[in-house]
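Geometric and topological summary
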Amino acid sequence: IVAEDLVFFGTFAGNLRALDADTGKEVWKVAVGAPIHHSPAYANGRVYAATMGGKVVALEAKTGKEAWTLKAEKRGGFAASPAVYNGMVFIGDRAGDLYALDAATGAMKWKAELGAMIQQSVALKDGKLAIAAEDLVPRLFDAATGKELWKHSYACPLDAKYYEGGPGSTPTVEGDRVYTLSKRAHLLCLEAATGKAVWQKNLMEELGVKKADWGFAGSPLVEGSLLLLNVGDGGTAVDKATGKVVW
């Protein structure tokens, strides 16, 4: 990520680094003790990152000085990027726990046990948090309290290497709709308020596209009246209101 004229990134070697965006010169490097699999997050002068060793860290963006650290309660580690919203940091771990932390202090605001591996980042809008863990159950929470507002289950075959299965991408929230794509190209449009399906379809069956080794893992992208999908050799676009394939 880029902020304050710096480029921030984590490495498999367990370092969080900051480079000058103009020159590429290293400004600071902090060892966090375990690999970082995804991008850090930035908000209000701080960089937030999480490791496969189960640690969430907050560092001062300019200096790399540690502001706080949290250690997850269970083994599993973090494979997703943190998200910062309304003064809170949200992230799920591979043990199936979804954490909401105070961005200023690292204190835990709430925790939800989803019972399935979380490898995707959360989506946040209008005080709501959408997450799709590896159990084929998109869920919506109240971001401030952690109250589960709804969850939506659907049947999908599971290959052995897919762990508990489920979507491989973060849900997309737009207006009063939530869009989610499964590893086997089940595309669903859900009511944001209730979780009820507005429409759903299996793009593998409809289009005859071939599944990649690790399935489909791209979040739907809203562009005007279309949903753009990383499905098929050249991608696929569907009408977001009806699910009808446009191209």
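Everything here concerns the structure above.
These remarks concern the structure in this document. (Residues numbered from 1 in each chain as written. Predicted model: local features only at pLDDT ≥ 70, side-chain atom pairs only at ≥ 80, totals over all residues. Heavy atoms only, no water.)

It is worth spelling out the overall build of the chain at this point. When helices and strands are counted, the chain shows one helix and 23 strands. Relative to the globule expectation of 18 Å for 247 residues, the C-alpha radius of gyration of the chain, 18 Å, shows essentially globular dimensions. If you line up the chain on its principal axes, its C-alpha atoms span 50 × 40 × 35 Å. Evaluated residue by residue, the chain yields a buried proportion of 51% over its 247 residues. Across the chain, contacts joining residues at least 24 apart in sequence account for 40% of those joining residues at least 6 apart. Of the roughly 11,300 Å² that the chain leaves accessible, carbon and sulfur atoms contribute 50%. Across the chain, the mean location of the 28 positive side-chain charges is 3 Å away from that of the 28 negative side-chain charges. (Helix = DSSP H or I, 4+ residues; strand = E, 2+ residues; numbered from the N terminus. Rg over C-alpha atoms; globule rule 2.2 N^0.38 Å. Buried < 20%, exposed > 50% of the residue type's maximum accessible area, 1.4 Å probe, protein only. Contact = heavy atoms within 4.5 Å. Areas by Shrake-Rupley, 256 points an atom, 1.4 Å probe, with all protein chains shown as cover. Lys, Arg positive; Asp, Glu negative; His and termini not counted. Charge placed at Lys NZ, Arg CZ, Asp CG, Glu CD.)

On to the side chain of histidine 152. Mapped onto the elements, histidine 152 comes out in the loop between β16 (148-151) and β17 (172-174). A polar contact of 2.9 Å, which involves the side chain of histidine 152, links it to the backbone oxygen of glycine 195. (Polar contact = N/O pair within 3.5 Å; in protein donor to acceptor, adjacent residues only side chain to side chain.)

Our next topic: the packing of aromatic side chains. In the structure shown here, the tally under the stated rule is seven aromatic pairs. Geometrically, the ring pair formed by tyrosine 48 and tryptophan 68 is tilted, given 6.0 Å between the ring centres and 45° between the ring planes. Here tyrosine 48 is found in strand β6 (residues 46-50), whereas its partner tryptophan 68 is found in strand β8 (residues 66-71), with 20 residues between them in sequence. What makes tyrosine 48 buried here is its relative accessible area of 3%. Aromatic pair tyrosine 179 and tryptophan 199: ring centres 6.4 Å apart, planes at 45°, arrangement tilted. (Phe/Tyr/Trp six-rings, centres within 6.5 Å; stacked < 30°, edge-to-face > 60°.)

The next thing to look at is the sheet that holds strand β5 (residues 41-43). Spatial strand order, β5-β6-β7-β8: four strands in an open sheet with antiparallel pairing. On the outer flanks of this sheet lie β5 and β8, each paired with one strand and no other. Strand after strand, the sheet turns through a mean of 15° between neighbouring axes, direction not considered. Relative to β8, strand β7 (residues 55-60) is paired through five bridges, and the arrangement is antiparallel. Residue pairing across strands places lysine 55 opposite lysine 71, the latter belonging to β8. (Pairing = 2+ DSSP bridges. Axes fitted to C-alpha atoms, helices over the stretch in contact; angles between N-to-C directions.)

By themselves these figures say nothing about function.
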